[in-house]
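Summary of structural features
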Amino acid sequence: MIEGYTELNPCKTYLITGSAGFIGFFLSKKLLSQGCQVIGLDNLNDYYDLTLKRSRLKELEKDEGFVFIKGDISDKKVVSYVFSKFKPQIVVNLAAQAGVRYSFEQPDTYIQSNIIGFYNILEACRHSPVEHLIYASSSSVYGANTKVPYSTQDKTDNPVSLYAATKKSNELMAHAYSHLYNIPTTGLRFFTVYGPLGRPDMAYFSFTEKLLQGKPIKVFNYGNCFRDFTYIDDVVEAVTRILCNPPIQKFEKGSILDGIQYAVYNVGNSQPVQLVELIRVLEQKLSYATGRKIMANIEFLPRQPGDVITTYSNSTPLEQNFGFKPETSLEEGLEQFVNWYIDYFGVK
Ligand SMILES: NC(=O)c1ccc[n+]([C@@H]2O[C@H](COP(=O)([O-])OP(=O)(O)OC[C@H]3O[C@@H](n4cnc5c(N)ncnc54)[C@H](O)[C@@H]3O)[C@@H](O)[C@H]2O)c1
């Protein structure tokens, strides 16, 4: 553990952007359960089924400690209002346009939310100082890298999608603001996060729909594709441990960066799984849960632009500094997901 590790402080005000989203919901829920005041900000866009975002919000709104603001982080007035009214001490920026494939169809929304939106958050932290800004980066920043496992020491100069480029840009922007305005920032490179109430645009979710409907499942790069699936509870645990522990100041005598508080971590399971293995586990869990024999009809196709072959996290620095690293097995995590899915959608 880092020297002087600080437990989560329930007396602080936490601003969580993207709180109606998958990770934002579970993080907000955890903080509320610990007695924290959580300000949620989300524009409730319709990138995927809004009913799911509303279900998450409904659950959060049961807690008195939760205040929800429907607003867009790319609107500077909204962001300034939230910072001046609630004076958050800890900010977690999860609001973003996610997804690699969608960035080919709708690049504008990536620039709007991920670049302008994040810039507004940085500006707000500059003018209303915060104790710590944590923001979502992504394993996609490793782009065309072939050396695995991915380490935060590796170069990340070869993004292969606009989504990845916006996340890398966030890290660079955070670095400049940490240096210029003494804002302690921590970027978290999440690796394929999955679980109950997850994102319908992600493979494990859409494969489940298709398996239940007996529709073909498209697997690209002829199945040569590995993902480091990371269970939502592990991600929330990692973020929670980091919240009250801004990066330790780095002092390098004579360096222009003297005193900067800037860090980036991988948050991944370190156990990459081939997509066909994901399908096999889903078949098994769905067959068990429904009492029917569920079998996939896989269509193998060539690699798509923007896809990377493997994601594989080296999460050792996370473990060394915070005494925790994700390790829920895919079997365990998918069982939770499948049970939720069957119940939520009333699958017979
Ligand atoms: N889930 C993953 O596997 C994964 C992997 C790597 C990185 N990430 C990053 O983690 C963060 C959270 O991801 P998630 O899976 O919970 O996605 P999500 O889409 O479920 O959540 C994002 C939320 O942000 C909101 N939002 C989007 N643009 C906004 C804007 N301009 N203003 C206000 N709200 C806005 C959306 O309505 C949504 O509710 C994102 O930044 C994403 O890029 C996620």
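For the structure, see preceding data.
Notes on the structure in this doc start here. Remember, it's a predicted structure, so these values are computed and weren't measured experimentally. (Residues numbered from 1 in each chain as written. Predicted model: local features only at pLDDT ≥ 70, side-chain atom pairs only at ≥ 80, totals over all residues.)

**Some points on the overall build of the chain**
Basically, it comes down to this: Secondary structure is summarised from DSSP: a helix means a run of H or I of at least four residues, a strand means a run of E of at least two, and numbering begins at the N terminus for each. The exposure label follows from counting other C-beta atoms within 10 Å of a residue's C-beta, where the C-beta atoms are placed from the backbone and the thresholds are 20 or more for buried and 12 or fewer for exposed, leaving partly exposed in between. By definition, residue pairs are in contact when their C-beta atoms, positioned from the backbone, come within 7 Å.
Counting its secondary structure elements, the chain contains 11 helices and 13 strands. Within the span of the chain, comprising 348 residues, buried residues form 44% of the whole. Across the chain, the fraction of contacts at a sequence separation of at least 24, relative to all contacts at a separation of at least 6, is 81%.

**Some details on the pairing of strand β11 (residues 262-267)**
Stated precisely, the cut-off is as follows: Pairing between two strands requires that DSSP report at least two bridges joining them.
With five of six residues buried, β11 is to be regarded as a mostly interior element. When strand β6 (residues 185-190) meets β11, the two strands line up parallel, connected through six bridges. What sits directly across from Gly187, in β11, is Val264.

**What about helix α2 (residues 50-60)?**
Here is the rule we go by: As used here, the arc belongs to the directions running from the helix axis to the C-beta atoms.
Three or more residues of α2 are buried, namely Lys53, Arg56 and Leu60. Looking straight down α2, one finds that the buried residues subtend no more than 60° of arc, so they occupy a single side. When the buried face of α2 is taken as reference, the exposed residues oriented beyond 90 degrees from it are Thr51, Arg54 and Lys58. Residues of α2 that are buried in the fold lie against α1 (22-33), β2 (37-42) and β3 (66-70).

**Regarding the site of the ligand**
Our working rule: Only the C-beta atom matters for nearness: placed from the backbone, it must lie within 6 Å of the molecule or strand for the residue to count as near. Residue classes follow a fixed rule: Ala, Val, Leu, Ile, Met, Phe, Trp, Tyr, Cys and Pro count as nonpolar, while Asp, Glu, Lys and Arg count as charged, and any other residue, Gly among them, counts as polar.
Surrounding the ligand, one finds 28 residues, the nearest of these being Gly18, Gly21, Ala96, Ser113 and Ala136. Breaking the shell around the ligand down by element, the ones donating at least two residues are α1, α5 (107-127) and β5 (132-138). Per-element tally for the shell around the ligand: the top contributor is α1, with three residues. A class-by-class count of the residues in the shell around the ligand yields 12 nonpolar, 12 polar and four charged.

**Points about helix α7 (residues 203-213)**
By the burial criterion, the buried members of α7 are Ala203, Tyr204, Phe207, Thr208 and Leu211. All buried residues of α7 lie within an arc of 130° about the axis, which places them on one face of the element. Packing partners of the buried residues in α7 comprise β7 (193-194), β8 (217-219), α9 (275-290) and α11 (330-344). Within two residues after α7, Gly214 carries a phi angle of roughly 70°, on the positive side.

**Remarks on the sheet that holds β5**
So the rule is basically this: Helix axes are fitted to C-alpha atoms over the stretch in contact, other axes to C-alpha atoms as well, and angles between N-to-C directions run from 0 to 180 degrees.
Here we have seven strands laid out as an open sheet, ordered β3-β2-β1-β4-β5-β6-β11, and parallel in their pairing. The outermost strands of the open sheet, each flanked by one partner alone, are β3 and β11. With strand direction ignored, the average angle separating the axes of adjacent strands in the sheet is 20°. Relative to strand β4 (residues 90-93), strand β1 (residues 13-17) runs parallel, the two being bridged by four bridges. Across the sheet, Tyr14 pairs through a bridge with Ile90, a residue of β4. Packing against the sheet, α5 makes contact with β4 and β5, and its axis sits at approximately 170° to β4. Packed on one face of the sheet, helix α6 (residues 162-181) meets β5, β6 and β11 and runs near 155° to β5.

**Things to note about the environment of Ile116**
Structurally, Ile116 can be placed in helix α5. Sequence-wise, Ile116 and Ser161 are 45 residues apart; in three dimensions their C-alpha atoms are separated by 18 Å. Excluding residues that lie within four positions of it along the chain, Ile116 makes contacts with Ser74 and Ile111.

**Remarks on unusual backbone geometry**
The omega angle of the peptide bond from Val148 to Pro149 is -5°, so this bond is cis rather than trans. Turning to its location among the elements, Pro149 is positioned in the loop between β5 and α6. We note that Thr192 has phi near 25°; this positive angle belongs to a residue other than glycine. Thr192 gets classed as buried once you count the C-beta atoms within 10 Å, which come to 21. For Ser270, which is not a glycine, the phi torsion comes out positive at approximately 60°. Relative to the assigned elements, Ser270 resides in the loop between β11 and β12 (273-274). For Ser270, a count of 20 C-beta atoms within 10 Å puts it in the buried group.

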